[in-house]
Amino acid sequence: MTRTITIDPVTRIEGHAKVTIHLDDRGQVADARFHVAEFRGFEKFCEGRPFWEMPALTSRVCGICPVSHLLASAKAGDSILGVAVPPSASKLRRLINLAQIVQSHALSVFHMSAPDLLLGFDSDPLNRNLFGLLASEPELARGGIRLRQFGQAIIEALGGRKIHPSWAVPGGVKSHLSRESAQLIQSQLPELRRFVRGVLDRLKAMLDSFAKEVASFGSFPSLFVGLVGPGRAWEHYDGLVRVVDEFGRVAAEFESGRFEEYLGETVQNDSYLKSPYFKPLGFPQGMYRVGPLARLNICDRIGSPLGDVELAEFRDRAGRPAHSSFHFHYARMVEILIALEKTEEMLGDEDLYSGRLQVEAGVNNLSGFGCSEAPRGTLFHHYTVDGDGVLQKVNLVIATGQNNLAMNRTIQQIAREYVADGAFTEGALNRVEAGIRAYDPCLSCSTHALGQMALRLQLLDAAGRVIDERSRA
Amino acid sequence: MTAERKMRINDVQVKFEEGETVLACARRAGVRIPTLCHFDGLSDIGACRLCLVEVEGSAQLAASCVTRAEPGMVIRCHTTRLAEYRKVILELLLAERNHVCSVCVANGNCELQDLATEHQIDHVRFDYQFPALGVDLSHGQFGVDHNRCILCTRCVRVCDEIEGAHTWDVAGRGGTSRVITDLAQPWGESQTCTSCGKCVELCPTGALFPRGTSVGGLVRDRGRIELAMAHRRHESCHG
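Quick caveat: nothing in here was measured; it's all calculated off a predicted structure.

A look at the overall build of chain A
Moving on, step 1. In terms of helices and strands, chain A carries 15 helices and 16 strands.
Moving on, step 2. Overall size of chain A, expressed as C-alpha extent along the three principal axes, is 70 × 50 × 40 Å.
Moving on, step 3. When each of the 473 residues of chain A is scored for burial, the buried share is 53%.
Moving on, step 4. Restricting to contacts in chain A with at least 6 residues of sequence separation, those with at least 24 account for 71%.

Right, here's the structure in full:
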């Protein structure tokens, strides 16, 4: 008799999803599937809009990472205008993206995943949340909240609001950083850096106790994809897209505007989330991972003193490339430190406070590409417009989607490790969810395609038996 | 002997000149009556109905922008009934097309948005119509987004009465009405448009905007157009 275990909803992630674990006649895990149960549709309803509106429109995709869409969209707009933005604008965009990385990573680490890591995967689910963390680790929880607040404050200082700023526009940005804001940012940096280094030390010390999780939370060979900057350094805003194979060898390097030549997208019958893959290897062999783990795996160096030290240690501890998705957490903390360090470096740059902010131009290209590193990974926007600038087609390739194949494989691996002979504990199912959480997926961001969706309905009886199943392709 | 030109508006006694409208008298007396289609210097058409007032002795409500002041009139501008009617009118306007303030070029600079805030509209009680309407960006300098048009026809009147071009007009009936340029040609192909931008300046929402405007990026300079209107009035008075 086959059985299906359903985890619905998956908690402490952004968006709505469920997981089904399919057991065979002997009660062994036959399959595990990650279903994204929500649909947003931005790719469709943005058609017909002027492309100048797109940065603010697509920033509405997400309340956690609006800046990521804002920047990728503004860059797609730059590409349609056919302009290079002024140095002040590109530096200010970089600064806001660093703030975005800090605040989003802080949310993932401290609000979403720290309860698992610090209170334990098997701890009481009633307390396994931020409030439980506040009770048992108040300093750490408060520090995480302050870290997120810091990133949000920079976004507000630049964009005028913490969430959904419409500050970046095709051709540039709307305002400089004020010197008062810079002073405020500067004054908080030393304490936050100390806090982050303390958390990193603690995380490193804990890794050995999570050996089983490291080995089973998405520990498999795959490709890794992300941006690299000059000197193939860690990058988050511009540069080349680099694809690295399971041995750390460069499989491809290309201009981000050519991403559709290298990255294909396919759909699954049971999820609203598309599954991108590396075209030269085909589907599904072309599975790849993006995000903090990928960015640390693909770069040759960080390009900042603390960052380079941490990268070397990360590679010593986690491998090069690091294959386990459990190390997304570690990579995320390293990236927070890098972002703080690079933010401090930038504050002395006069271009943040003065200089031309925007260039103007008409529609010079009918197709525009924008790419940046969102906290969760590489984000691509591709717009096609008519001669007047009205959008004809929108394609958003979201980081979370790019991790879809890997997330599915991760939960299969975890389920096989922790569910045996039809028996499982709450902690085991929490580990399945935690496998998803490691990727920090943002499902609200990533479900936009229309017309090719499929829906799968499963009817389960009280014992969890599948009585009926219908598919619509 | 003619009656003295005095009336009462919200219990305030107001003197008026021959031919003045109730709206003009109210504004002079410092009584605020909300409007959308009215603009000082343009002819009035009483289209939006937001300026409805109660006239003592009349069962009907009157649009104050097109109602002449008369001696002895007693006007009430702010009653519970009027407040509810104005709210309904604004809700109907919001439900009729696709007004999404958060991603509108006029966000923070929109008369419809300001009025909705003033009337404490936190939700709309009518079904949104979600009509499929287009955006015309064919003009070299400006764009028109029919999703945000409330058919106030300020653009039609300013183009006709102040610029003298009469590029804008209204086509269709009822819910299918649309503002059009020339004979429903793309704005960029209009033979009559002088690209003066007065229509864009006077649009109360984000329906007309300079090309390239980003969300919340619309900046208006009504001072310039008010000067042009004053000049036009001066010319018509003094030949």
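Moving on, there is more to tell.
Brief notes about the overall build of chain B
Moving on, step 1. Broken down by element type, chain B carries six helices and 10 strands.
Moving on, step 2. Every one of the 239 residues in chain B was classed for burial, and the buried ones make up 39%.

A closer look at the interface of chain A and chain B
Reports often express the size of an interface as the amount of accessible area lost when the parts come together.
Moving on, step 1. Across the contact, 15 residues belong to chain A and 12 residues belong to chain B.
Moving on, step 2. Tallying contributions element by element places helix H2 (residues 54–59) of chain A first for the side of chain A that touches chain B, with three residues.

Topic: the confidence of the model for chain A
Residue and element names in this part refer to chain A.
Moving on, step 1. With 93% of its residues at a pLDDT of at least 70, chain A reaches an overall mean of 90.
Moving on, step 2. Scored below 50 in pLDDT, residues 448–462 shows 37 contacts in the model against residues more than four places distant or in partner chains.
Moving on, step 3. Contacts of residues 467–473 to residues separated by more than four positions or lying in other chains number 15 contacts, the stretch itself having pLDDT below 50.

Section: the domain arrangement of chain A
All names here are of chain A.
Moving on, step 1. Segmenting chain A into domains produces domain 1 (1–39 + 408–473) and domain 2 (86–220 + 323–350).
Moving on, step 2. Where the side of domain 1 that touches domain 2 is concerned, the elements lending two or more residues are helix H14 (404–418) and helix H15 (426–437).
Moving on, step 3. Broken down by element, the residue count for the side of domain 1 that touches domain 2 peaks at seven residues, all from H15.
Moving on, step 4. Of the residues belonging to the side of domain 1 that touches domain 2, the class tally is five nonpolar, five polar and seven charged.

Some remarks on helix H11 (residues 305–318) of chain A
Residue and element names in this part refer to chain A.
Moving on, step 1. Spanning 14 residues, H11 covers 20 Å between terminal C-alpha atoms, matching the ideal 20 Å at 1.5 Å per step.
Moving on, step 2. Among all positions of H11, only Gly307, Glu310, Leu311, Phe314 and Ala318 are buried. Seen end-on, H11 carries its buried residues on one side only, within an arc spanning 105 degrees. Among the exposed residues of H11, those oriented more than 90 degrees off its buried face are Pro305 and Asp316.
Moving on, step 3. Check the buried side of H11 and you find it contacts helix H10 (292–298) and helix H12 (328–346).

Structural notes on the pairing of strand E3 (residues 52–55) of chain B
Residue and element names in this part refer to chain B.
Moving on, step 1. Here E3 pairs with strand E4 (residues 61–63) via three bridges, running antiparallel. Bridged to leucine 52 within E4 is alanine 63.
Moving on, step 2. Count of turn residues in the E3/E4 antiparallel hairpin: five residues, of which glycine 57 carries a positive phi of about 95 degrees.
Moving on, step 3. Pairing of E3 with strand E5 (residues 74–76), which is carried by two bridges, proceeds in the antiparallel orientation. Bridge assignment links glutamate 54 to a residue of E5, and that residue is arginine 76.

Some remarks on the nonpolar core
Moving on, step 1. Ranked by internal contacts, the top residues of the largest apolar core, which has 195 residues, are Val102 of chain A together with Cys155 of chain B.
Moving on, step 2. Top contributing element to this core by residue count: helix H4 (residues 87–119) of chain A, with 14 residues.
Moving on, step 3. Beyond its immediate stretch of four places on either side in the chain, valine 102 of chain A contacts Leu147, Phe150, Gly151, Ile336, Ala339 and Leu340 of chain A.

Some words on the domain arrangement of chain B
Residues and elements named next belong to chain B.
Moving on, step 1. When its domains are assigned, chain B resolves into domain 1 (6–78) and domain 2 (83–238).
Moving on, step 2. Centre-to-centre separation of domain 1 and domain 2, based on C-alpha positions: 24 Å.
Moving on, step 3. Residue-level contacts link 14 residues of domain 1 with 18 residues of domain 2.
Moving on, step 4. Looking at the side of domain 1 that touches domain 2, its residues break down into 10 nonpolar, three polar and one charged.

Here's the deal with the environment of threonine 20 of chain A
Residue and element names in this part refer to chain A.
Moving on, step 1. Tracing the backbone shows threonine 20 in strand E2 (residues 17–23).
Moving on, step 2. Classification of threonine 20 by C-beta neighbours within 10 Å gives buried; the count is 21.
Moving on, step 3. In this structure the C-alpha to C-alpha distance between threonine 20 and tyrosine 288, which are 268 residues apart in sequence, comes to 22 Å.
Moving on, step 4. If we skip the residues at most four places from it in the chain, threonine 20 touches Thr4, Thr6, Arg33 and His35.

Some thoughts on the sheet that holds strand E1 (residues 6–9) of chain B
Residues and elements named next belong to chain B.
Moving on, step 1. Judged by pairing direction, the sheet is mixed, and its five strands sit side by side in the order E2-E1-E5-E3-E4 without closing on themselves. Of all the strands in the sheet, the pair left with one neighbour each is strand E2 (12–15) and E4. On average, each strand axis in the sheet is tilted by 35 degrees relative to the strand beside it, whichever way the strands run.
Moving on, step 2. One ladder, built from four bridges, connects E1 with E2; its direction is antiparallel. The partner of arginine 8 across the bridge, within E2, is glutamine 13.

Rules used in this analysis
- Residues numbered from 1 in each chain as written.
- Chains lettered and ligands numbered in written order.
- Predicted model: local features only at pLDDT ≥ 70, side-chain atom pairs only at ≥ 80, totals over all residues.
- Helix = DSSP H or I, 4+ residues; strand = E, 2+ residues; numbered from the N terminus.
- Buried ≥ 20, exposed ≤ 12 C-beta atoms within 10 Å, placed from the backbone.
- Contact = placed C-beta atoms within 7 Å.
- pLDDT = per-residue confidence, 0-100.
- Domains from an automatic or database assignment.
- Nonpolar A, V, L, I, M, F, W, Y, C, P; charged D, E, K, R; others polar.
- Expected span 1.5 Å × (residues − 1).
- Arc of directions from axis to C-beta.
- Pairing = 2+ DSSP bridges.
- Core = buried A, V, L, I, M, F, W, Y, C linked by C-beta atoms within 7 Å.
- Axes fitted to C-alpha atoms, helices over the stretch in contact; angles between N-to-C directions.

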